Amino acid sequence: MNFPLILFVLLVITGSIWLLDTLLWKNKRAPEDNEPWWIEYPKSFFPIILIVFSLRSFVIEPFKIPSGSMIPTLLVGDFILVNKYTYGIRLPVINKKVFDINEPKRGDVLVFRYPEDPSIDYIKRVVGLPGDTVTYHNKQLIINGETIRTEYEGDFKYVESGFGYIYSDRFSEYLTEESHSILINQDVKGIQFSNVRQFEFKENCKYHRTGFTCEVPPGNYFTLGDNRDSSSDSRYWGFVPEENIVGKAFMIWWNFGDFGRIGLAIK
């Protein structure tokens with residue numbers, strides 16, 4: 001379901017009825033006549049739809065986390081808010097950027113349209129910027145020849161649907177001066193070669209027994225999930241084009257299973 005398109009269609013319909021009534025129909029009604037229901041209802045809903053559409057298109061959009069690919073940063077069932085103007089102003093529905101503000105930075109938690117199916121929204125962490133060389137060797141991330149520092153935090157376990165408890169090691173990773181947490185499952189290979197698909201600019205990537213090396217093409221970004229061994233990300237389906245970017249995730253606003261997560265900033 002394309003919710004932005006549905007909102008846009010409703011906005012056009014209700015707005016057209018409000019405009020036509022203001023310019024034409026209202027003057028033809030007798031003062032004592034009530035508005036027909038098919039005019040009254042659209043006129044009542046038009047300002048509400050306009051406000052929701054404007055906020056959702058240009059300011060903040062809510063999302064729900066459906067999978068565990070970003071554990072421990074984001075949990076299944078987290079409701080998050082995404083800043084729509086951090087990286088620029090985009091036209092709603094077609095997602096065409098009309099005004100630049102900032103570019104994604106390494107370490108940002110990014111919401112974007114899945115390259116293989118743009119109707120689906122994905123959320124991952126940016127690790128590679130245009131022009132970067134991203135290497136993943138024995139589960140160690142290396143960017144432009146520099147090994148990214150990690151520090152062991154301890155054991156971590158979580159429940160995955162249909163599999164029971166999953167046991168992993170939790171690390172602090174420093175893509176920038178600030179750290180974020182990642183999970184590494186030592187019992188799983190660093191990359192599942194059977195899951196690697198064909199994708200645009202795949203010639204920029206070289207896969208080997210212990211991992212891969214990818215050169216990020218201009219206008220694209222390389223993303224990974226924080227749950228490194230349980231994430232479908234750029235390792236498997238390729239780079240994220242700039243035109244697919246939706247916004248930057250910045251806060252958890254609700255979680256039915258854990259009220260303590262409400263209001264947490266996303267780092």
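Before going into details, it helps to say that this report is about the structure given with it. (Residues numbered from 1 in each chain as written. Predicted model: local features only at pLDDT ≥ 70, side-chain atom pairs only at ≥ 80, totals over all residues. Heavy atoms only, no water.)

**With respect to the side chain of Ser 181**
Tracing the sequence through the fold places Ser 181 in strand E12 (residues 180–184). Within the local environment of Ser 181, its side chain forms a polar contact with the side chain of Glu 153, the two groups lying 3.1 Å apart. Within polar-contact distance, the side chain of Ser 181 engages the side chain of Arg 170 at 3.3 Å. If we skip the residues at most four places from it in the chain, Ser 181 touches Pro 72, Thr 73, Glu 153, Arg 170, Phe 171 and Asp 226. (Helix = DSSP H or I, 4+ residues; strand = E, 2+ residues; numbered from the N terminus. Polar contact = N/O pair within 3.5 Å; in protein donor to acceptor, adjacent residues only side chain to side chain. Contact = heavy atoms within 4.5 Å.)

**A closer look at a nonpolar patch on the surface**
A cluster of nonpolar side chains, contributed by Ile 51, Leu 55, Phe 58, Val 59, Ile 60, Tyr 85, Leu 91, Ile 94, Val 98, Phe 99 and Ile 101, occupies part of the molecular surface with about 960 Å² of accessible area. Secondary structure elements with two or more residues in the nonpolar patch: helix H2 (37–58) and strand E4 (96–100). No other element matches H2, which puts 3 residues into the nonpolar patch. Structurally, Phe 58 can be placed in helix H2. Among the residues examined, Phe 58 registers a relative accessible area of 30% and is labelled partly exposed. (Patch = residues over 30% accessible without salt bridge, like charges linked within 9 Å, V, L, I, M, F, W, Y side chains within 5 Å. Areas by Shrake-Rupley, 256 points an atom, 1.4 Å probe, with all protein chains shown as cover. Salt bridge = Lys/Arg side-chain N within 4 Å of Asp/Glu carboxyl O. Buried < 20%, exposed > 50% of the residue type's maximum accessible area, 1.4 Å probe, protein only.)

**Considering H2**
With 22 residues, H2 should reach 32 Å at 1.5 Å per residue; the first-to-last C-alpha distance of 31 Å fits that figure. Those residues of H2 that fall on the buried side of the exposure criterion are Ile 39, Pro 42, Lys 43, Phe 46, Ile 49, Phe 53, Arg 56 and Ser 57. In this structure, the buried side of H2 is in contact with helix H1 (3–28), strand E1 (60–64) and strand E3 (88–91). (Expected span 1.5 Å × (residues − 1).)

**Some details on the state of the cysteines**
Counted under the stated rule, the structure contains 1 disulfide. In this model, Cys 205 is linked to Cys 214 through a disulfide, with the two sulfur atoms separated by 2.1 Å. The S-S bond linking Cys 205 to Cys 214 shows a torsion near 115°; that makes this disulfide right-handed. Both residues of the pair, Cys 205 and Cys 214, count as buried. (Disulfide = S-S within 2.5 Å.)

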